[in-house]
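This is what each chain is made of:
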Amino acid sequence: MEYQSNMEENSNLKLGQWDVEENAHYLQCQNDACKKYFFGRKNKKYCSGKCKIKANNELAAQRLNEIKGNIDPIDQINRFLSKISKGKDERSTIYLSDYPVETQYFNVPIKSTVNYKDSPGWMLIGKFYVKKIPNHDRVDFVEM
Ligand SMILES: [Zn+2]
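What counts and how
- Residues numbered from 1 in each chain as written.
- Predicted model: local features only at pLDDT ≥ 70, side-chain atom pairs only at ≥ 80, totals over all residues.
- Helix = DSSP H or I, 4+ residues; strand = E, 2+ residues; numbered from the N terminus.
- Buried ≥ 20, exposed ≤ 12 C-beta atoms within 10 Å, placed from the backbone.
- Pairing = 2+ DSSP bridges.
- Axes fitted to C-alpha atoms, helices over the stretch in contact; angles between N-to-C directions.
- Contact = placed C-beta atoms within 7 Å.
- Expected span 1.5 Å × (residues − 1).
- Core = buried A, V, L, I, M, F, W, Y, C linked by C-beta atoms within 7 Å.
- Domains from an automatic or database assignment.
- Nonpolar A, V, L, I, M, F, W, Y, C, P; charged D, E, K, R; others polar.

Draft legend 1. Representation of the environment of E8 in the model. Along the chain, the position of E8 falls in the segment before β1 (18–19). When the 7 C-beta atoms within 10 Å are taken as the criterion, E8 is described as exposed. Along the backbone, E8 and L96 are 88 residues apart, and their C-alpha atoms lie at a distance of 19 Å.

Draft legend 2. Here's a closer look at the sheet that holds strand β6 (residues 119–125). The 5 strands are arranged β4-β8-β7-β6-β5 in an open sheet whose pairing can be described as antiparallel. Each end of this open sheet is capped by a strand with a single partner; those strands are β4 (92–95) and β5 (113–116). If you compare each strand with its neighbour and ignore which way they point, the axes differ by 40° on average. Both β5 and β6 contribute to a ladder of 3 bridges, which runs antiparallel. Bridging across to β6, Y116 finds its partner in S119. Most of the contacts of helix α2 (residues 73–84) go to β6, to which it runs at about 105°, and overall it touches β4, β6, β7 (128–133) and β8 (138–143).

Draft legend 3. The arrangement of helix α1 (residues 49–67) in detail. Between its first and last C-alpha, α1 extends 27 Å over 19 residues, near the 27 Å set by a 1.5 Å rise per residue. Where α1 terminates, the next one or two residues include G69, which has phi positive at roughly 85°.

Draft legend 4. Structural view of the nonpolar core. In this structure, I77, L81, Y105, W122, I125, F128, V130, F141 and V142 together form the largest nonpolar core, which totals 9 residues. Contributing elements (two or more residues each) for this core: α2, β6, β7 and β8. Y26, L27, F38 and C47 belong to the second-largest nonpolar core, a separate cluster that totals 8 residues.

Draft legend 5. Region of the structure containing the sheet that holds strand β2 (residues 24–28). If you trace the 3 strands from one edge of the open sheet to the other, you get β1-β2-β3, paired in antiparallel fashion. Each edge of the open sheet carries a strand with a single partner, namely β1 and β3 (37–40). Note that β2 and β3 share 4 bridges and pair antiparallel. Among the inter-strand pairings, H25 is bridged to a residue of β3, identified as G40.

Draft legend 6. Highlighting the domain arrangement of the chain. Domain boundaries assigned for the chain yield domain 1 (18–67) and domain 2 (73–143). A separation of 21 Å is found between the C-alpha centroids of domain 1 and domain 2. The greatest single-element share of the side of domain 1 that touches domain 2, amounting to 3 residues, is contributed by α1. Classifying every residue of the side of domain 1 that touches domain 2 by side-chain character gives 1 nonpolar, 2 polar and 2 charged.

Draft legend 7. Structural detail: the pairing of β7. Across 3 bridges, the pairing between β6 and β7 is antiparallel. Bridge pairing in β7 links M123 to V130. Linking β6 to β7, which pair antiparallel, is a turn of 2 residues; within it G126 sits at a positive phi near 60°. The pairing of β7 with β8 spans 6 bridges and is antiparallel. In the strand pairing of β8, I133 is matched with R138. Taking the residues between adjacent antiparallel strands as the criterion, β7 and β8 are bridged by 4 residues, where N135 takes a positive phi near 65°.

What follows is the structure, given as structure tokens:
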């Protein structure tokens, strides 16, 4: 089933929220070049097949660059978080959609997971503890 896309942001709805009338979740396309709002299945990432292909191609190109050693994602994340960090031991929150370019490296699979203050699901990225909050476009981080 295809849902309506190409919508303006609806201030009455939160991202991920179930909408009774549409019988679907309110979502935003994760293709950075698109970012349209649409209704769809809870775990749907893209508003269309076209956006899915485009985003996957970009991801593949980015990974290729990383394999070639042109970009070090850890270094990129570290530099970015250092700029906006509130300081040691202070937990900060950012929304990925506010920093689409700078946060693209958060999509790179990083295996080093740690417990931070007995809370699971954190990754140690350089000098930061980082936690991606699933389905919420949100990343929390703390400087070590
Ligand atoms: Zn899209």
